[in-house]
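A closer look at the structure
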Amino acid sequence: MIKRRAYNGAVHLNGSVMANEFRTLHSHSAEYFGDTRDHWWNLDFLELIGKRLSFDRTQDVLDVGSGIGHWGQLLANVIPSSARVQGVDRDPLWVEKAAARAAARGLADRFTYQVAVAEKLPFTDASFDLVTCQTVLIHTPDPGAVVDEMIRVARPGGLILAAEPNNIARALMFDSVSFHDPVDDILARVRLQIICERGKAALGEGNNSIGDLIPGLFAERDLINICVYLNDKADSLLPPYDTPAQRATLEERVDFKHRDFWIWSREDTHRFFLAGGGREGEFDALWLVAIDGDDKFDEAIADRTYAGAGASIGYIVAGRKPEPHTA
């Protein structure tokens, strides 16, 4: 049993189960499969997207790179109750966890999961009404190849939908702790993140801000009725920090600091930095700037003076596979 603990003067959520039980595993994206992921979207926003994109016509759904099932199972709230969802992920552990999560939510009769890679989907052409992914293309060396496969398995007239971010934007979004930081420190954080994102892409591990490019990938492949929406959810953090979403965010922040974790681990950040053209001699200084605000954040939380709007840039990009022309 994990007990409640004090951390730098502030008591954070630590119930019988950590907010992210997977956080120390080596499986892909394990750091981001915790409770915070349940709060990425406003349900009424997804209902609006469903109306705009005619989710009511959907019966067969493919969730590509499904992880432990967060995205597809969230969509269960806005697609017909008769719709069936197939999820695929390259990691057998996540497939197992996704199936268990679906069963725990009473979705086992509609949701099934199997091991597969996004670049080679094990389905025949024209199998699904809706083919979707969330934060998957940011991890792929060739996002165009994944989009090609998503289009292939979609039926004519079917919907291709990708939820992907621009993560670099977060480097220029501020809170009550960072708003008055020296310009050089702000630019140092931006420099570190851009170089690391470029390095991650150069290593074939994906582009963390690929969301900006998804509409162009759809257009190049002659999808029609392409539309782009911005997620309206902000991860605001305001006193008394007592909503489920805010408690999950604080738990995550505590755990990241405890393990010297930024966006990535220090080891991965260093690896991405060098691959992106960064100089070995400047890494330590940039890393210290990147994590410098942690103590100030903890103090402000303990004093209940911290306030952050929590904005981010997350896109929903959708397009339809053209119907074949008839003579």
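Residues numbered from 1 in each chain as written. Predicted model: local features only at pLDDT ≥ 70, side-chain atom pairs only at ≥ 80, totals over all residues. Heavy atoms only, no water.

It is worth spelling out the pattern of salt bridges at this point. For the coordinates displayed, the defined rule picks out 18 salt bridges. The salt bridge involving Asp129 is made with Arg155; its shortest N-O contact spans 2.9 Å. Note that Asp129 is positioned in strand E6 (residues 128–134) and Arg155 in strand E7 (residues 154–166), a separation of 26 residues in sequence. Residue classification places Asp129 among the buried residues on the basis of a relative accessible area of 18%. Its salt-bridge partner being Arg191, residue Glu282 comes within 2.8 Å of it at the nearest N-O pair. Of this pair, Glu282 sits in helix H9 (residues 280–291) while Arg191 sits in helix H5 (residues 183–202), placing them 91 residues apart in sequence. By sharing partners, the salt bridges in this structure join Asp60, Asp129 and Arg155 into a single network. (Salt bridge = Lys/Arg side-chain N within 4 Å of Asp/Glu carboxyl O. Helix = DSSP H or I, 4+ residues; strand = E, 2+ residues; numbered from the N terminus. Buried < 20%, exposed > 50% of the residue type's maximum accessible area, 1.4 Å probe, protein only.)

So, about the state of the cysteines. As used here, a disulfide is simply a covalent bond connecting the sulfur atoms of two cysteines. Summed over all chains, the structure comprises zero disulfides. A disulfide-free cysteine, Cys133 has its sulfur positioned 15 Å from the sulfur of Cys227, the nearest such atom. Overall, the relative accessible area of 0% leaves Cys133 in the buried class. (Disulfide = S-S within 2.5 Å.)

Okay, the packing of H5 against H9 next. Where H5 meets H9, the closest approach of the two axes is 9 Å, and the angle between their N-to-C directions is 115 degrees. Overall, the two elements H5 and H9 adopt an arrangement that is roughly perpendicular. As H5 runs across H9, the sense of the crossing is left-handed. Across the interface between the two elements, Asp185, Ala188, Arg189, Arg191 and Leu192 from H5 touch Glu282, Phe283, Leu286, Trp287, Val289 and Ala290 from H9. The residue makeup of the contact of H5 with H9, split by class, is seven nonpolar, no polar and four charged. (Axes fitted to C-alpha atoms, helices over the stretch in contact; angles between N-to-C directions. Parallel < 35°, antiparallel > 145°, perpendicular 65-115°, else oblique. Left-handed = near helix turned anticlockwise from the far one by under 90°. Contact = heavy atoms within 4.5 Å. Nonpolar A, V, L, I, M, F, W, Y, C, P; charged D, E, K, R; others polar.)

Attention now moves to the sheet that holds strand E4 (residues 84–89). A sheet is described by the order of its strands in space; here seven strands give the open sequence E5-E4-E3-E6-E7-E9-E8, paired in mixed fashion. Either end of the sheet is taken by a strand with one partner, and the two such strands are strand E5 (111–115) and strand E8 (224–230). Ignoring strand direction, the axes of neighbouring strands in this sheet form an average angle of 15 degrees. Pairing of E4 with E5, which is carried by five bridges, proceeds in the parallel orientation. In the strand pairing of E5, Val85 is matched with Phe111. Lying on the sheet, helix H3 (residues 92–104) is in contact with E4 and E5; it crosses E5 at an angle near 170 degrees. In this fold helix H4 (residues 143–153) packs onto strand E3 (60–64), E6 and E7, with an angle of close to 150 degrees to the strand it touches most, E7. (Pairing = 2+ DSSP bridges.)

As for its position among the elements, Gly50 is in helix H1 (residues 43–52). We classify Gly50 as buried; its relative accessible area is 7%. With 124 residues separating them along the chain, Gly50 and Phe174 place their C-alpha atoms 32 Å apart.

Quick look at the packing of H5 against helix H8 (residues 266–275) now. At a minimum axis distance of 6 Å, the contact between H5 and H8 shows a crossing angle of 80 degrees. Taken together, H5 and H8 sit at an angle that is classed as roughly perpendicular. Listed contacts from H8 to Leu192, Ile195, Cys196, Gly199, Lys200 and Ala202 of H5 are Thr269, Phe272, Phe273 and Ala275.

Further remarks concern the confidence of the model for the protein chain. Model confidence for the protein chain is summarised by a mean pLDDT of 91, while 94% of its residues fall at 70 or above. Throughout residues 1–18 the model reports pLDDT below 50, and contacts reaching past four residues in sequence, or to other chains, amount to 36 contacts. (pLDDT = per-residue confidence, 0-100.)

With that settled, consider H9. In an α-helix there are 3.6 residues to a turn, and that puts residues three or four apart on one side. Buried within H9 we find Glu282, Phe283, Leu286, Trp287, Val289, Ala290 and Ile291. On its buried face, H9 is in contact with H5, H8 and helix H10 (293–303).

Any two aromatic rings considered together are summarised by their centre-to-centre distance and by the angle between their planes. A complete count under the given rule lists 14 aromatic pairs for this structure. A ring pair is formed by Tyr32 and Phe256, whose centres lie 6.0 Å apart and whose planes are at 85 degrees; its orientation type is edge-to-face. Pair noted here: Tyr32 is in the loop between strand E2 (10–12) and H1 and Phe256 is in helix H7 (residues 244–258), with a separation of 224 residues, a long-range link. A residue is classified by how much of its surface remains accessible, and Phe256, at 11% relative accessible area, is buried. Ring centres of Phe174 and Phe179 lie 6.2 Å apart, and the angle between their planes is 90 degrees; on these two criteria the pair is classed as edge-to-face. Three or more aromatic residues link up through ring pairs in this structure, and these residues are Trp262, Trp264, Phe272, Phe273, Phe283 and Trp287. The aromatic ring of Phe297 is capped on one face by Arg253, whose charged end is 3.6 Å from the ring centroid. (Phe/Tyr/Trp six-rings, centres within 6.5 Å; stacked < 30°, edge-to-face > 60°. Lys NZ or Arg CZ within 6 Å of the ring centre and 35° of its normal.)

Over its 15 residues, H7 extends 21 Å from the first C-alpha to the last, a length consistent with the 21 Å expected when each residue adds 1.5 Å. Buried within H7 are the following residues: Ala245, Gln246, Ala248, Thr249, Leu250, Glu251, Val254, Asp255, Phe256 and Lys257. Phi turns positive one or two residues past the end of H7, at Asp260, with a value near 55 degrees. (Expected span 1.5 Å × (residues − 1).)

A few words now on a nonpolar patch on the surface. A surface patch of nonpolar side chains, about 310 Å² in accessible area, is lined by Leu172, Phe174 and Phe179. With respect to the helices and strands, the residue Phe179 is situated in the loop between E7 and H5. (Patch = residues over 30% accessible without salt bridge, like charges linked within 9 Å, V, L, I, M, F, W, Y side chains within 5 Å. Areas by Shrake-Rupley, 256 points an atom, 1.4 Å probe, with all protein chains shown as cover.)

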